[in-house]
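Structural overview
Here are the chains, one letter per residue:
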Amino acid sequence: MATTEGGRESSEANSKWLDAHYDPVANLCTFSSCTALADLNGDGECKLVVGDLGTGLSNMKLKVFKGTSLMTENALLDLPTSVVSFMMDQNEPRTPAIAVASGPFVFIYKNLRPYFKFTIPVMDVNPLEQDLWSQAKEDKIDPLTLKEMLEGIRGKAEIPLSVRSLRFLMLDLPEMESFVNLHKHLPIKRQTAITCMGTLKKNMADEDAVSCLVIGTESQEVYILDSEAFTTLTQVSLASVPVFLDVTGQYDVEYRVTVACRNGSIYILRRDSKRPKYCIELNSQPVGLVRIHKNIVVGCSQETLHGYTQKGKKLWTVPLPAPIMTMSLMDQKARGFQAVLVGLANMEVHMFRDKSLLYIIKTQDVVTSICFGRYGREDNTLIMTTKGGGLIIKILKRTAVFDEKDTTPGPPMAQSIKLSVPKKTKLYVDQTLRERESAVAMHRVFQMDLYRLRLMAARAYVKALESSMSPVSSTLTEPLRMNAVVQGIGPTFKLTLHIQNTSANRPSINLLISFLYDERLYAMKRAFIKVPLLVPGLNYPIETFVDCLSDKGVSDIIKVFVLREGKSTPLLTAHISMPVSEGLIAA
């Protein structure tokens, strides 16, 4: 397998990963949220638990791998959306349970056997929909009328229709009657579906401490469940459907739930807060969410990776060479090293620490799920599944170290060193003492600088008036602005006048431009120009050519007058200093 480091190819001997196993026909279709590593038997040997999506319509299974072989598998009733491992009690031996989110249910497995099924609370049913199905049960309305009434409700009702009604509206006319006869005697329910799931420690931060389940649903709700009684501890409503969760802290002490939603926003849920705190608004849809220490790393659909603080301040943005397929956290606990693993559509896995690219792993196929942790008896194992159903297992070498020399070129390390700046209180006290001791001298310096500034401004203003660099009309009835540009080295110069009407909404009409110059030195092809209608705010360039007639190397000033037709008083006057000609026009 070819591996690149910091953009440079390296041989297998120099690689930091050992290729432990690759099975291109493992027949695994899953995502990072549906993979977990757990010591299911309490013997110190971790297994890989995978929620396999099958074909999408059938053959959904919960698979458990030991080493490189399939250990057990259990059939699932619906597509799995998340798989997590957690401690649900204090019983001995201390073995974790597996929670599988599938549809509106959370299936709990203990010792690889079904243990409990938790159902998300049903939602309120539209009363008009309930009444229509009651009439259909009593044969008071026919299926065609039922369809028309349900379509009218769907477009106007505040409470959405149930899945039964939506499926009924999708049917053709011959299938409606059999569908109504099959379902009309059953109670109507409106259930949601689970979109994401995580775990939250109950009251201790130990790895084998009891945890709660954190669930995000399609109904824009986030539930925190007690893992012992499976009751709802906290329920929070969001502004959109949650798609990614990241949880830190303890429920009884203080916790923080970071939620990425479909509306392109990220919300923060905290203890004793009934409403989520709005934190981050993204430019595109999130496709991955990972927390490293106190920072949040978000992958977006625009092929970018963003870093934020937990208060929503943007730290950095990194463009990626291909779309993001999956993201996961790499936590090397023995060395306290954490990084983000990003699987891309170009068959590469990039490892980032903050905005620095530490390593690139090239794979045989596009990676769809990444899981890093203890597998078997190896602490640092990287497990990946591919788009074609393959399984890749890599082990991090014990001598591998990801240090600063592996980072891509960027700002020097000196920029990250904090300066020994005194505290604000000390600076304030020193400044106060200085002002108290040198008040007279400071005032004199201030007055001198103020007089010098006024003198410089007056000189610049006089110079601008004399050279007419930015002439402006002095009449309020016709607000005009004109700039002149002279181009060329002679003997023929191009003179361009830029005229602009500065009024708010009134155009300027019937304007003329006249030039006054020494006819012994210059000749102009257009000495009298009629100005077109000037629309407010637009810049109108007016061009003419000036020929130098003298060979003595002298220059003069050409005066420009803007007049109104029929009036002798100029509206605007400008003086143009002509450059010295480099040649003479042939006679």
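Shown above is the structure to which this text applies.
Residues numbered from 1 in each chain as written. Predicted model: local features only at pLDDT ≥ 70, side-chain atom pairs only at ≥ 80, totals over all residues. Heavy atoms only, no water.

**Let's talk about helix 3 (residues 163-170)**
Note the threshold: Type-normalised accessible area, obtained with a 1.4 Å probe on protein chains alone, sets the label of each residue: buried when under 20%, exposed when over 50%, and partly exposed for intermediate values. Numbering of helices and strands runs from the N terminus; a helix is a DSSP stretch of H or I covering at least four residues, while a strand is a stretch of E covering at least two. Think of the arc as the fan of directions from the helix axis to the C-beta atoms.
By the burial criterion, the buried members of helix 3 are R164, S165, F168 and L169. All buried residues of helix 3 project into a common sector of 135 degrees when viewed along the axis, lining one side. Along helix 3, exposed side chains directed more than 90 degrees from the buried face belong to R167 and M170.

**Some remarks on the pattern of salt bridges**
Stated formally: One side-chain nitrogen of Lys or Arg within 4 Å of one carboxyl oxygen of Asp or Glu is enough to make a salt bridge.
Considering all chains together, one arrives at 17 salt bridges under this definition. Its salt-bridge partner being D252, residue K202 comes within 3.3 Å of it at the nearest N-O pair. Residue K202 is located in the loop between strand 12 (194-201) and strand 13 (211-217), and its partner D252 is located in the loop between strand 16 (242-250) and strand 17 (254-261); the two are separated by 50 residues in the primary sequence. D252 gets classed as partly exposed once you look at its relative accessible area, which sits at 35%. Residue E218 pairs with R262 through a salt bridge whose shortest N-O separation is 2.5 Å. Highlighted residues: E218 in the loop between strand 13 and strand 14 (221-225) and R262 in the loop between strand 17 and strand 18 (265-270), separated in sequence by 44 residues. Taking relative accessible area as the criterion, E218 reaches 33% and is therefore assigned partly exposed.

**So, a nonpolar patch on the surface**
Our working definition: Patches in this entry comprise residues that are over 30% relatively accessible and not in a salt bridge; like charges within 9 Å are linked, as are nonpolar side chains (Val, Leu, Ile, Met, Phe, Trp, Tyr) within 5 Å. Only the protein chains shown count as cover for residues, and the accessible areas themselves come from Shrake-Rupley with a 1.4 Å probe.
Where nonpolar side chains cluster on the molecular surface, the patch consists of I509, L533, V535 and L538 and spans about 320 Å² of accessible area. Counting through the fold element by element, I509 comes out in the loop between strand 32 (492-501) and strand 33 (511-516). The exposure class of I509 is partly exposed, given its relative accessible area of 41%.

**Some remarks on the packing of helix 2 (residues 143-156) against helix 4 (residues 173-183)**
Angle between the axes and distance between the axes are the two parameters that describe a pair of packed helices. Heads up, the rule is: Axes here mean lines fitted to C-alpha atoms, for a helix over just the part in contact, with angles spanning 0 to 180 degrees between N-to-C directions. An angle below 35 degrees is treated as roughly parallel, one above 145 as roughly antiparallel, one from 65 to 115 as roughly perpendicular, and anything else as oblique. In this description, contact between two residues means that some pair of their heavy atoms is separated by no more than 4.5 Å. Polar here means any residue outside two lists: the nonpolar Ala, Val, Leu, Ile, Met, Phe, Trp, Tyr, Cys and Pro, and the charged Asp, Glu, Lys and Arg; Gly therefore counts as polar.
For the pair helix 2 and helix 4, interaxial distance at closest approach is 9 Å and the crossing angle is 95 degrees. Here helix 2 lies roughly perpendicular to helix 4, going by the angle between them. Of the residues in helix 4, those in contact with P143, L144, L146 and K147 of helix 2 are L173, M176, E177 and V180. Its residues placed into classes, the contact of helix 2 with helix 4 shows 6 nonpolar, no polar and 2 charged.

**Brief notes about the sheet that holds strand 37 (residues 557-564)**
Spelled out, the test is: Pairing between strands is defined by DSSP: at least two bridges between them are needed.
The strand order across the open sheet formed by 4 strands is 35-33-37-38, and the pairing between neighbours is antiparallel. Each edge of the open sheet carries a strand with a single partner, namely strand 35 (528-531) and strand 38 (572-577). This sheet shows a mean twist of 20 degrees between the axes of neighbouring strands, independent of strand direction.

**Details of the nonpolar core**
Grouped burial of nonpolar side chains is what soluble globular proteins tend to show. Formally: We call a set of buried Ala, Val, Leu, Ile, Met, Phe, Trp, Tyr and Cys residues a nonpolar core when their side-chain atoms join them within 4.5 Å.
By size, the foremost hydrophobic cluster in this structure holds 28 residues, and its most contacted members are M482, L497, I513, F515, Y522 and V560. Among the elements of the structure, strand 31 (480-487), strand 32, strand 33, strand 34 (522-524), strand 35, strand 36 (539-548), strand 37 and strand 38 are those that each provide at least two residues to this core. Sequence-distant contacts of Y522, defined by excluding residues within four places in its chain, comprise Y517, V546, D547, C548, L549, V554, S555, D556, I558 and M578.

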